[in-house]
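Read off the chains here:
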Amino acid sequence: MPQISILFVCLGNICRSPLAEGILRHLAAAAGRADEFLIDSAGTGAWHIGDPPDSRAIAVAAEHGIDISTLRARRVEAADFDRFDLILALDRKNLQSLRESAPAGASARIALFAEHALATADDVPDPYFGGRAEFEDVYRMLYRGCASMAGSPKDEPPS
Ligand code: 4NP
């Protein structure tokens, strides 16, 4: 039974949020905490519904040993605001979209990824019109945040 359910949200759900989903799932498993997390991703835009992640996102994840190729894009829906404990927007524009579309009285906490996971106020930049370097930068930023969210391995000896 998961202890926390987390939805990552970007614009298209083909670059940043599927990377975040794959990375956190990978790190939670590596920490022996896979069962504690329910992890998903979605987009605020509808252009890519049903599409796999962008080939550059699939490639950067694969280079780091993470397979996100089977994920498929979907749009955020009203039920998400009660289904998830925590909805993390990858940038401020999507944070604003989420806040505007959240049904009144919904239970999910909505926050900016960087504020929750990195203790900074930085947007995770949209890499869609960038190249390999932009995707690698996004990967690294997401990895740092997700590592702090996944915590240390359960079987790590006490220090
Ligand atoms: P994402 O990137 O929000 O990180 O998935 C984008 C993907 C597609 C578009 C924009 C950003 N688009 O304009 O189609």
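As a reminder, the structure under discussion sits directly above these lines.
Quick look at the structure, then. Quantities reported herein were computed from a predicted structural model and do not represent experimental measurements.

What about the pairing of strand β2 (residues 37–43)?
Turning to step 1, where the next piece is worked out: Counting buried residues along β2, five of its seven residues qualify, which places the element largely inside the surrounding structure.
Turning to step 2, where the next piece is worked out: Strand direction decides the pairing type here: strand β1 (residues 4–10) and β2, joined by seven bridges, are parallel. Residue pairing across strands places Phe8 opposite Ser41, the latter belonging to β2.
Turning to step 3, where the next piece is worked out: Handedness of the crossover is the feature at issue here: the chain leaves β1, passes through helix α1 (residues 16–30), returns alongside β2, and the resulting connection is right-handed.

Regarding the nonpolar core
Turning to step 1, where the next piece is worked out: Formed by 37 residues in total, the largest nonpolar core has its most connected members in Phe8, Leu19, Leu24, Phe113 and Leu142.
Turning to step 2, where the next piece is worked out: When residues of this core are traced back to their parent elements, those giving at least two are β1, α1, β2, α2 (55–63), β3 (86–89), α5 (113–117) and α6 (132–150).
Turning to step 3, where the next piece is worked out: Considering every element that reaches this core, the biggest residue donor is α6, with eight residues.
Turning to step 4, where the next piece is worked out: Apart from the residues within four sequence positions on either side, Phe113 is in contact with Phe8, Leu88, Ala89, Leu90, Leu118, Val124, Met141, Leu142, Gly145, Cys146 and Met149.

Criteria and thresholds
- Residues numbered from 1 in each chain as written.
- Predicted model: local features only at pLDDT ≥ 70, side-chain atom pairs only at ≥ 80, totals over all residues.
- Heavy atoms only, no water.
- Buried < 20%, exposed > 50% of the residue type's maximum accessible area, 1.4 Å probe, protein only.
- Helix = DSSP H or I, 4+ residues; strand = E, 2+ residues; numbered from the N terminus.
- Pairing = 2+ DSSP bridges.
- Right-handed = clockwise from strand over helix to strand, strands pointing away.
- Core = buried A, V, L, I, M, F, W, Y, C linked by side-chain atoms within 4.5 Å.
- Contact = heavy atoms within 4.5 Å.

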